[in-house]
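# Working through the structure, step by step
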Amino acid sequence: MLIVRRRGWEIPESRVTPEALMLNRRALLAGAGALSIGGAVTARAEDLAPAKATGPNPKYTAGRELTDEKFSTTYNNFYEFNDSKNMWKEAQAFKQRPWALKIDGMVKQPRTYDLDDLLKQVQLEERIYRHRCVETWAMTVPWSGFALSQLLALVEPLASAKYVMFETAQDKTMRGLNAPFYPWPYTEGLAMDEAANDMAFMVTGMYGKPVPPQNGGPLRIALPWKYGFKSAKSIVKITFTDKKPTTFWEGIGPGEYGFWANVNPTVPHPRWSQARERLLGSNEMVPTQIYNGYGDFVAGLYSDRKSEKLFM
Ligand SMILES: Nc1nc2c(c(=O)[nH]1)N[C@H]1C(S)=C(S)[C@@H](COP(=O)(O)O)O[C@H]1N2
Ligand SMILES: [Mo]
């Protein structure tokens, strides 16, 4: 049998239409105007201008239509606020500036950045990534931000550091923090070589505008080859360590959620199949791909880790 093998990120051919991109440009202009007039939004749209100017990074075309912004910004998981999918209204009170990012642990340059100062030291770009939640819903989003590797270069982790941890803010606007059975704060982690991979992307924008609080503003991470829970939101601390951390969902349900959590359609969750995914907006069901279709970029990270539980 002849198998025409497309590279993972191209299937099923590039359907991210110029129209879709045009709409985003327009949304961006409208958003920037609203910011300068109203002044109610404290995030800095102008920081995203360089990313907007260059257009999405062509290395990472998603191969399917962008999710309409009205779905990706109103159907969320952010348990610090509450465990419903429509927590977005509550999150509007969560202040996005000033924002401090602490860097600590096994690193040559421990420090606390003001987010706007950090953004002056990195190269911002736009990337269209697929996102696959472990619950089986999925979306396609134009994020803006910078490769995590740029931050690694600035802070210089020690050779002894083997893992990096991300910690989410605990803010008074987050009533979900009162649920005592959750091991707050939300933490997630990566092995150092995963963190250094170009796909690991620190996100400050979405659809050419500041990433809104419900999507993890003003600073989250996007790790598109892993289930969505690995992509920690509203990050306030990054810690380098030589010990494999227990992460938030792994701590709650180690039989269901692991540290590696790479997407794999052939490894079911204990309570449901992972073979297909539901696209937000259209509710179309499409096949899920191994590493969410990004295997060409990341599969090599796991060739020496075959004995680990890589796919849950
Ligand atoms: N701090 C924090 N980060 C989080 C979560 C959360 O509840 N709290 N949910 C995760 C899950 S399960 C998913 S699928 C994505 C959802 O991101 P989105 O709301 O932008 O779609 O955020 C992830 N990051
Ligand atoms: Mo998720």
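Refer to the preceding data block for the structure.
Each residue is numbered by its place in its chain's sequence as written, counting from 1. Think of it this way: whatever chain is written first is A, whatever ligand is written first is 1, and the rest follow in order. With pLDDT at 70 or above as the cut-off, local features in this predicted model cover only qualifying residues; side-chain atom pairs require 80 or more to be listed or tallied, and sums for whole chains, interfaces and linings still use all residues. To obtain the side-chain values, all non-hydrogen atoms of the structure were included, while hydrogens and water were left out.

## Quick notes on the site of ligand 1
Nearness of a residue to a molecule or strand requires only that one of the residue's heavy atoms be within 4 Å of it. Close contacts around ligand 1 come from 18 residues, with Asn76, Tyr79, Arg220, Ser231 and Lys233 the closest. Taking Asn77, its main chain carries an N or O atom lying 3.2 Å from a nitrogen atom of ligand 1. At a separation of 2.9 Å, a nitrogen atom of ligand 1 approaches a polar side-chain atom of Thr168. Residues are sorted three ways: Asp, Glu, Lys and Arg are charged, Ala, Val, Leu, Ile, Met, Phe, Trp, Tyr, Cys and Pro are nonpolar, and all the rest, Gly among them, are polar. Residue composition of the shell around ligand 1, grouped by class: eight nonpolar, seven polar and three charged. Each polar contact in these results corresponds to two N or O atoms within 3.5 Å; when the atoms are within protein, one needs to be able to donate a hydrogen and the other to accept it, and residues that are neighboring in sequence are counted only if both atoms are side-chain atoms.

## As for the pattern of salt bridges
When a carboxyl oxygen of Asp or Glu lies within 4 Å of a side-chain nitrogen of Lys or Arg, that pair is called a salt bridge. In this structure the tally under the stated criterion is 20 salt bridges. Lys209 is the partner of Glu69 in a salt bridge, and the nearest nitrogen-oxygen pair spans 2.6 Å. With Glu69 in helix 3 (residues 69–72) and Lys209 in strand 8 (residues 209–210), the pair connects residues that are 140 residues apart, well separated along the chain. In this structure, a network of salt bridges that share partners links the residues Lys59, Glu125, Arg127 and Asp198. Segments assigned H or I by DSSP are reported as helices when at least four residues long, segments assigned E as strands when at least two residues long, and all are numbered from the N terminus.

## Some details on the sheet that holds strand 10 (residues 235–241)
Two strands in a sheet stick together by hydrogen bonds in their backbones, pointing the same way (parallel) or opposite ways (antiparallel). Strand order in the open sheet made by the five strands is 2-1-10-5-6, with mixed pairing throughout. Only two strands of the sheet have a single partner each, and these edge strands are strand 2 (111–114) and strand 6 (187–191). Recorded for the sheet is a direction-independent mean angle of 20° between the axes of neighbouring strands. Two elements, strand 1 (residues 100–105) and strand 2, share four bridges in a ladder whose sense is antiparallel. Counted as the bridge partner of Leu101 is Tyr113 from strand 2. The contact definition used throughout considers only heavy atoms, calling two residues in contact when any of these lie within 4.5 Å. Axis lines are fitted through C-alpha atoms, for helices just across the contact stretch, and the angle between N-to-C directions can take any value from 0 to 180 degrees. Along the sheet, helix 6 (residues 148–155) makes contact with strand 1, strand 2, strand 5 (163–168), strand 6 and strand 10, crossing strand 2 at roughly 130°. Strands pair, by our definition, only if DSSP identifies at least two bridges between them.

## Section: the nonpolar core
By nonpolar core we mean a set of buried residues, namely Ala, Val, Leu, Ile, Met, Phe, Trp, Tyr and Cys, connected to one another through side-chain atoms within 4.5 Å. Exposed residues in this analysis have more than 50% of their type's maximum accessible area, buried residues have under 20%, and partly exposed residues fall in between, with area computed by a 1.4 Å probe over protein chains only. Formed by 79 residues in total, the largest nonpolar core has its most connected members in Trp143, Leu148, Leu151, Trp225, Ile238 and Phe240. With five residues, the top contributor of residues to this core is strand 4 (residues 137–147). The contacts of Leu151, once residues within four sequence positions are left out, are Leu101, Ile103, Tyr113, Leu118, Phe146 and Ile238.

## Some remarks on the environment of Glu277
Summarising the element assignment, Glu277 is placed in strand 11 (residues 276–279). Separated by 12 residues in the primary sequence, Glu277 and Gln289 place their C-alpha atoms 9.5 Å from one another. Not counting residues within four places of it along the chain, the set of residues in contact with Glu277 comprises Arg64, Arg132, Thr136, Ala138, Glu284, Met285, Val286, Pro287, Thr288 and Asn292. Polar side-chain contacts of Glu277 include one of 2.9 Å to the side chain of Arg64.

## So, unusual backbone geometry
Working note: non-glycine residues mostly have negative phi, and peptide bonds are mostly trans. The omega angle of the peptide bond from Arg97 to Pro98 is -10°, so this bond is cis rather than trans. Backbone geometry at Thr136 places phi at a positive 95°, although glycine is not the residue there. Note on placement: Thr136 falls in the loop between strand 3 (125–132) and strand 4. The phi dihedral of Asn292 falls on the positive side, at around 55°, and the residue is not glycine. Summarising the element assignment, Asn292 is placed in the loop between strand 12 (285–287) and helix 9 (295–298).

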